Amino acid sequence: MAGLDGVTRIFVPGDMAARSLGADAVAEAIAAEIGPDIRLTRNGTRGMIFLEPLVEMERDGIRHAYGPVEPHEVASLLADPESHPKALGPVDEIDWMRLQTRLTFARCGVIDPLDFAEYEAHGGLKGLRNALASGRQAILDEVTASGLRGRGGAGFPTGIKWTTVARAEAPWKYIVANADEGDSGTFADRIVMEGDPFTLIEGMAIAGLATGATQGYVYLRSEYPDAIRVMEAAVAIARENGVLGPDILGSGEAFDMEIRVGAGAYVCGEETSLLNSLEGKRGVVRAKPPLPALEGFMGRPTVVNNVVSLATVPCILAEGGKTYAAHGIGKSLGTIPLQIAGNVRFGGLFEIAFGMTLGEIVDKIGGGTASGRPVRAVQVGGPLGAYFPRALFDTPFGYEDFSSKSGLIGHAGIVVFDDSVDMGEMARFAMEFCAIESCGKCTPCRIGAVRGVETIDRIRAGDAAAKELLTDLCDTMTAGSLCALGGFTPYPVMSALRHFPEDFQPASQREAAE
Amino acid sequence: MTTPTGSEVAEAVAQIAAMHAGREGPLLPILQDVQARFGHIPEASMQPIAEALNIGRAEVHGVVSFYHDFHTEPRGRHVVRVCRSEACQARGGRAVEEGVREALGLDWNETTADGRVTLEPVYCLGLCASGPNATIDDRPAGRLDADRIAGLVAELR
Ligand SMILES: Cc1cc2nc3c(=O)[nH]c(=O)nc-3n(C[C@H](O)[C@H](O)[C@H](O)COP(=O)(O)O)c2cc1C
Ligand code: SF4
Ligand code: FES
């Protein structure tokens, strides 16, 4: 085909989001048209979900992007890519790519996820080699110097957690990657596991070296079948290549790992509930202390870290903790993979230094709503995160900045709503979700959330006095819950009530106001 | 799927438990394999699982009942899971929820009388920039509206 002259490789993401938008049919149509001299690769996603399925063609070392491509457009695309209406130019020059600082996600979408040689050619294993050469204390020092804080939600300093496990005396220690990613509006863990799985494996191996742990587990939610498949294959390949096993890269150090699949419980993302689940028990939250760092899986010292936290470690060890810490603001150092979702024009994964304001993220990067209507509210940090009105759009993206506005950044999910949203309904949903997912241990969470749904219904039926009841109920949940499921559900509920009180009026008055 | 006999179940459990022997915390992987084999976790499997792991039958029961993924009754030949979470709601998810319930004549966690389809809610599929989303068995589907989901479920046999 003349249009393909000089093309050596074509990429069609195998990422689950791309697949949900028809990438498999696009890849099949391309495979049927091209000859054996062109390599077709199912890469991970670049994160530009709004352009998926995003096809890339490599010519003279430059990757040209086309998207979103529909299966019926494949023939015309291959016949004349240059002047095709879906041509976007070189992928690295698209604004969305140019404006990012890709450290954790540097290889994601670039390489064949399961091509180990390509992983290494793109900087893979550099962090692990440095870690092996420098020894345990030096690894702990680098991770501490990087300022890396847990990306799972709580923002706890990773260096301190690792040091606690490293100092614990025990014959067995564990590294557990929290891949439960239950927060709605988030998909960074999924994208890195599907698109660059060896990075997570390398990060876990480094964590093992730093702490003396020799066994790892990835607790991966069952809702991610593609990630499960890719991670299982990657573990086997890593073992064949000596990255896992009794003698990591010939160093004499041992580390191995296994993939475990969750069973559909949101609360199992909470670290102690996760450990119970991994042990084969009900996923009930454990009281702390003891800390999992001292008595975790099977009662032994355990690092539990989010996937993104662990996947960031290889680049910290490769380039140095200080280099990483040069990005960001205040105590929020390094980069954060923002997941821009919901009713947004340009949605996807965008990795950037901490510090961009919420308004820039939503209006500039996200391009406003997909519906074209005004942005009314943004939920940041998953189902337990607060709703932000436009008035708070000057908040910089950082841990302390968000907590000072009675919010949280959580796993960095950003869900945009237009002006058709009913915030009373969203508050009700937050309570409903808490009731469905409660582990049942604390009364304020288990019973309180059910009362919360009823109370919001009463308010919206015209019982204004019930507003005070709802406030009291939220105070009780905040004070009397063992974990953040019951403890933080008041964030979305109270922020909705505080910033959007008009949506809690009885239906008749709400209509009259419009 | 016809109901397996007690001895079929016991035999399958013995095989599956042997495969997981020596693993730390094997109960969830065993339950997942049992469910993959029978489509649900038969009542008759609980005692043999308990015996294989040297725990009480009540404990196995407790674990099965805790997790949304485990089912003690057979489900439909196809499982349709529709995301109910916030990012999908922001993109019109409620209309998709209504549409699929109407198209199938089912409420959540119900199965059509002919055993063709089970409808389940799911709380986020990690596809939140291109919703509303659903999965049909293992196949993800994005940018849905009420008509498209109705069309997709109508194709299921
Ligand atoms: C209800 C609930 C759900 C959680 N879900 C997740 C999750 O899906 N993934 C995650 O990494 N952390 C989750 N967390 C936070 C974990 O408890 C824990 O802080 C985290 O895994 C530690 O890793 P990090 O320090 O790398 O963030 C959740 C916490 C709560 C209370
Ligand atoms: S707050 Fe809710 S989920 Fe958390 S431990 Fe208590 S009952 Fe369980
Ligand atoms: S909110 Fe529906 S896929 Fe995430």
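Residues numbered from 1 in each chain as written. Chains lettered and ligands numbered in written order. Predicted model: local features only at pLDDT ≥ 70, side-chain atom pairs only at ≥ 80, totals over all residues. Heavy atoms only, no water.

What follows deals with the site of ligand 1. Residues and elements named next belong to chain A. Around ligand 1, the structure places 19 residues, and the nearest of them are Gly152, Asn178, Asn305, Asn306 and Ser309. Note that an oxygen atom of ligand 1 is positioned 3.1 Å from one of the backbone N or O atoms of Glu181. Here an oxygen atom of ligand 1 and a side-chain polar atom of Asn305 are 2.8 Å apart. Protein contacts shield 92% of the accessible area of ligand 1, which totals 610 Å² for the unbound molecule. Those elements giving two or more residues to the shell around ligand 1 turn out to be β9 (302–306) and α21 (484–488). The dominant element in the shell around ligand 1, judged by the number of residues it contributes, is β9, at three residues. Of the residues in the shell around ligand 1, the class split is five nonpolar, eight polar and six charged. (Near = heavy atom within 4 Å. Polar contact = N/O pair within 3.5 Å; in protein donor to acceptor, adjacent residues only side chain to side chain. Areas by Shrake-Rupley, 256 points an atom, 1.4 Å probe, with all protein chains shown as cover. Helix = DSSP H or I, 4+ residues; strand = E, 2+ residues; numbered from the N terminus. Nonpolar A, V, L, I, M, F, W, Y, C, P; charged D, E, K, R; others polar.)

For the rest of this paragraph, the subject is the side chain of Thr135 of chain B. With respect to the helices and strands, the residue Thr135 of chain B is situated in strand β4 (residues 134–136). Judged by its relative accessible area of 7%, Thr135 of chain B falls in the buried class. Once residues within four sequence positions are removed from consideration, Thr135 of chain B is found in contact with Met16 of chain A together with Val79, Val80, Arg81, Leu125 and Pro140 of chain B. (Buried < 20%, exposed > 50% of the residue type's maximum accessible area, 1.4 Å probe, protein only. Contact = heavy atoms within 4.5 Å.)

With that settled, consider the sheet that holds strand β6 (residues 174–179) of chain A. Residues and elements named next belong to chain A. In spatial order, the strands read β8-β7-β6-β9; together these four strands make up an open sheet with parallel pairing. Two strands close off the open sheet at either side, each with one partner strand: β8 (256–261) and β9. Each strand axis lies, on average, 20° off the axis of its neighbour in the sheet, ignoring direction. Relative to strand β7 (residues 215–220), β6 is paired through six bridges, and the arrangement is parallel. Within the sheet, the bridge partner assigned to Ala179 lies in β7 and is Leu220. Running over the sheet, helix α11 (residues 225–240) touches β7 and β8 and is turned about 165° from β8. (Pairing = 2+ DSSP bridges. Axes fitted to C-alpha atoms, helices over the stretch in contact; angles between N-to-C directions.)

Taken together, the contacts link 39 residues of chain B with 66 residues of chain A. Surface buried jointly by chain B and chain A totals about 3900 Å² across both partners, of which 54% is contributed by carbon and sulfur atoms. If you sort the residues of chain B by the area they bury against chain A, Glu24, Phe66 and Glu86 of chain B come out on top, with a joint share of 19%. Joining chain B to chain A, the criterion identifies four salt bridges. Among the salt bridges present, the one from Arg23 of chain B reaches Glu258 of chain A, with a minimum N-O distance of 2.6 Å. Where chain B meets chain A, there are 26 residue pairs in polar contact (both at pLDDT 80 or more). Residue assignment for the side of chain B that touches chain A shows that the elements contributing at least two residues are α2 (27–38), α4 (57–66), α5 (86–89) and β5 (139–141) of chain B. (Buried area = accessible area lost by both parts, 1.4 Å probe. Salt bridge = Lys/Arg side-chain N within 4 Å of Asp/Glu carboxyl O.)

This part takes up the sheet that holds strand β1 (residues 7–11) of chain A. Residue and element names in this part refer to chain A. What the five strands build is an open sheet, ordered β2-β1-β3-β4-β5; its pairing is mixed. Each edge of the sheet is formed by a strand with only one pairing partner; in this case those strands are β2 (39–41) and β5 (87–90). Across this sheet, the average inter-strand angle for adjacent strands is 20°, counted without regard to direction. Relative to strand β4 (residues 62–66), strand β3 (residues 55–59) runs antiparallel, the two sharing five bridges. The residue of β4 that forms the bridge with Met57 is His64. In this fold helix α2 (residues 23–33) packs onto β1, β2 and β3, with an angle of close to 175° to the strand it touches most, β2.

This paragraph deals with helix α22 (residues 490–499) of chain A. All names here are of chain A. Burial analysis of α22 places seven of its 10 residues in the buried class, which makes it a mostly covered element. The set of residues buried in α22 consists of Pro490, Pro492, Val493, Met494, Ser495, Ala496 and Leu497. Here the buried face of α22 lies against β14 (375–380), β15 (387–389), α17 (423–437), α19 (448–460), α20 (466–480) and α21.

It is worth spelling out the UniProt feature "binding site: [2Fe-2S] cluster" (unreviewed entry) in chain B at this point. Taking the numbering used here, the UniProt-annotated feature "binding site: [2Fe-2S] cluster" (unreviewed entry) corresponds to Cys83, Cys88, Cys124 and Cys128 of chain B. Considering the C-alpha atoms alone, the annotated residues occupy 46 residues of sequence yet fold into one spot, their largest mutual distance being 9.5 Å. Residue class for Cys124 of chain B comes out buried when judged on its relative accessible area of 1%. When residues no more than four places from it in sequence are discounted, the contact partners of Cys124 of chain B are Gly182, Asp183, Ser184, Gly185, Thr186, Arg221 and Glu223 of chain A together with Cys83 and Ser85 of chain B. We classify Cys128 of chain B as buried; its relative accessible area is 3%. When near neighbours in sequence (up to four residues on either side) are disregarded, Cys128 of chain B contacts Gly185, Thr186, Phe187, Ala341 and Gly342 of chain A together with Ala87, Arg91 and Asn133 of chain B. (UniProt positions renumbered as here; feature names shortened; annotations may be inferred.)

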